[in-house]
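# Breakdown of the fold
The chain contents come next:
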Amino acid sequence: MDLSPNEVKILKALQSGTLSPSEASMASDLGEKETMSAASWLRSKGLVEISEKSAVFYSINNEGRKYAEEGLPERRAAEWLNQFGDAPVEDLPLDEDEKKVVVGWLKRKNFVELEKTETGLKLIPTGNLDETPDEPLLVLLNRNPIPEKEIGKEGFALLKGRQLIETKEEVDRKFSLTVEGKKFDIKSLEDALVGELTPEIIQSGSWKDKDFQKYRLDTHAEPIDHATLHPLTRFTEEIRAIFLQMGFTEIEGDYVESAFWNMDALFIPQDHPARELQDTFYLSEPASFVINDKETLNLVKAIHEDGGETESTGWGSDWSREIAQQALLRTHTTVGTIRYLSEHSEPPIRVFSVGRVFRREALDATHLPEFTQVEGIIVEPEANFGMLIGVLKEFYRRMGFPDVRVRPAYFPYTEPSMEVEVKFGDSWLELGGSGIFRPEVTAPFGIDCPVLAWGLGLERLAMLRLGIKDIRMLYQSDLQWLKETV
Ligand code: PHE
């Protein structure tokens, strides 16, 4: 008879008598699924019988799970008292809830004596730290539910008393050998088929005398559904839906841009530190773009040098076309916004974009050299700063952050400018910049009504929503984690 290595393991385990699936899994060192599947195969080959009865099983609730991992509060308290000496209950390194129940348990397990003092009860360790039956049981229950019949009575009573036990009805399965199975010559299994080719088998040459298991293509396997959307994709979809509902249209742009559109058109001075090599990724191929739009070039040049037709004095220094023509990876999505405005100057305008941007940041838990910005503008004659705050608050509210505040900030292209922060737990986190475009930005494109603009970070928001402390998690292909975040 052809038996797979897993089937052989189960058959061997069953030589000692009837076993539950979890016992069989322990004895054979196989996972639960593999154990079940091997047992079913053995049943179909007539060697194993599987009896099924519905039975009561016990497991533990969340509190129990916490204690299984950290230790029961009285255990932690007793250990602490034995190390640091007498103390009142308030001093114990426990949660407030744990403190409420711990004294009773410490006493009951004979871990402490109590002494009344003027300031209250004092706990004096007895020196006894003996394990009580509830402790090993808690650990077992944390691994697997245990059938009613198999549970240790004493430990169970203790855990049940403090409401850590959950009861459920499950199918209780037992594996045992059939008559045929008992007769089966276990010795002949010593040379069981090889299911896995190991380096040792190849190096030693022993593969020559071995029989290999054949693939069985008709084996039933449970389908595994592992396709899932990345959380950033899901958040992007959510953001799109929100802006579309708020009457915005989506725009897109390219990653490779000229400094002219990324910076000069936004009135970022040519000696601005953000332009430097350590902050911006410049391209070597192409190293530059020829910008042919003479008219726009001259308007922007004039704005930078002396303010041009606006009331501004500009930056007051010579403007270089070479610097403006450098090719780079866009450092913000505001470049897409200004390009859009250069072609659409008629209000009303409400557009947004969600896109990747690039900055030469050192990689750490809160910084990435590539990240995503959520950018948008509103161009309307009546638009004002209050409206900008209102729109951003509404956006964050819809994303699940009801508490938003703004702080004054500076960007070369907006006035007034602000930073938006959302509240998470006890702290405020900066999520993006915004403001109203300065005349130096809008004038060359003939826009004469207010442009409310913002650029918000997506990854930071995702960190808050997912409760992660390290931004790099978002770009690791850790499938298990990604699955859990769904
Ligand atoms: N571009 C800015 C940044 O990258 C954000 C911003 C966009 C600020 C629009 C004001 C207006 O941080």
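Above: the structure in question.
Residues numbered from 1 in each chain as written. Predicted model: local features only at pLDDT ≥ 70, side-chain atom pairs only at ≥ 80, totals over all residues. Heavy atoms only, no water.

A few words now on the packing of aromatic side chains. In the structure shown here, the tally under the stated rule is 15 aromatic pairs. Arranged with centres 4.9 Å apart and planes meeting at 15°, the rings of Phe243 and Phe395 form a pair that is stacked. Note that Phe243 is positioned in helix α11 (residues 231-245) and Phe395 in helix α16 (residues 385-398), a separation of 152 residues in sequence. The two residues Phe243 and Phe395 agree in class, both being buried. Linked through ring pairs, Phe243, Phe248, Phe352, Phe395, Tyr396 and Trp454 together constitute an aromatic cluster. Here the basic side chain of Arg162 rests over the ring of Trp105, its NZ or CZ set 4.1 Å away from the ring centre. (Phe/Tyr/Trp six-rings, centres within 6.5 Å; stacked < 30°, edge-to-face > 60°. Helix = DSSP H or I, 4+ residues; strand = E, 2+ residues; numbered from the N terminus. Buried < 20%, exposed > 50% of the residue type's maximum accessible area, 1.4 Å probe, protein only. Lys NZ or Arg CZ within 6 Å of the ring centre and 35° of its normal.)

In this section: the packing of helix α1 (residues 5-13) against helix α3 (residues 32-44). Contact geometry of α1 with α3 gives a least axis separation of 9 Å together with a crossing angle of 85°. It follows from the interaxial angle that α1 and α3 lie roughly perpendicular. Residue-level inspection shows Asn6, Glu7, Ile10 and Leu11 of α1 in contact with α3, the latter providing Glu34, Thr35, Ala38, Trp41 and Leu42. Counted by class, the contact of α1 with α3 contains 5 nonpolar, 2 polar and 2 charged residues. (Axes fitted to C-alpha atoms, helices over the stretch in contact; angles between N-to-C directions. Parallel < 35°, antiparallel > 145°, perpendicular 65-115°, else oblique. Contact = heavy atoms within 4.5 Å. Nonpolar A, V, L, I, M, F, W, Y, C, P; charged D, E, K, R; others polar.)

Nonpolar side chains in soluble globular proteins tend to end up buried together. In this structure, Tyr396 and Trp454 are the most contacted members of the largest nonpolar core, which totals 39 residues. Ignoring sequence-local partners within four residues, the contact set of Tyr396 consists of Phe401, Val404, Val420, Val422, Leu431, Leu456 and Leu461. Within the second largest apolar cluster, 32 residues are counted, among which are Ala265, Ile291, Trp319 and Cys449. (Core = buried A, V, L, I, M, F, W, Y, C linked by side-chain atoms within 4.5 Å.)

So, on to the pairing of strand β13 (residues 414-424). With 5 bridges connecting them, strand β12 (residues 404-408) and β13 associate as antiparallel partners. The residue bridging Arg407 from the neighbouring strand is Glu419, located in β13. Where β12 folds back onto β13 in an antiparallel hairpin, the turn is made up of 5 residues. Looking at chain direction, β13 and strand β14 (residues 427-437) are connected through 9 bridges and run antiparallel. Its bridge partner lying in β14, Met418 is registered against Ser434. Counting the residues that bridge the hairpin from β13 to β14 gives 2 residues, and of these Gly425 lies at a positive phi of roughly 65°. (Pairing = 2+ DSSP bridges.)

The full count for this structure, using the stated rule, is 31 salt bridges. The closest approach of N and O atoms between Glu394 and Arg397, which form a salt bridge, is 2.9 Å. Pair noted here: Glu394 and Arg397 are both in helix α16, with a separation of 3 residues, about one helical turn. For Glu394, a relative accessible area of 22% gives the class partly exposed. Here Arg472 and Asp470 are joined by a salt bridge, their closest N and O atoms 2.9 Å apart. (Salt bridge = Lys/Arg side-chain N within 4 Å of Asp/Glu carboxyl O.)

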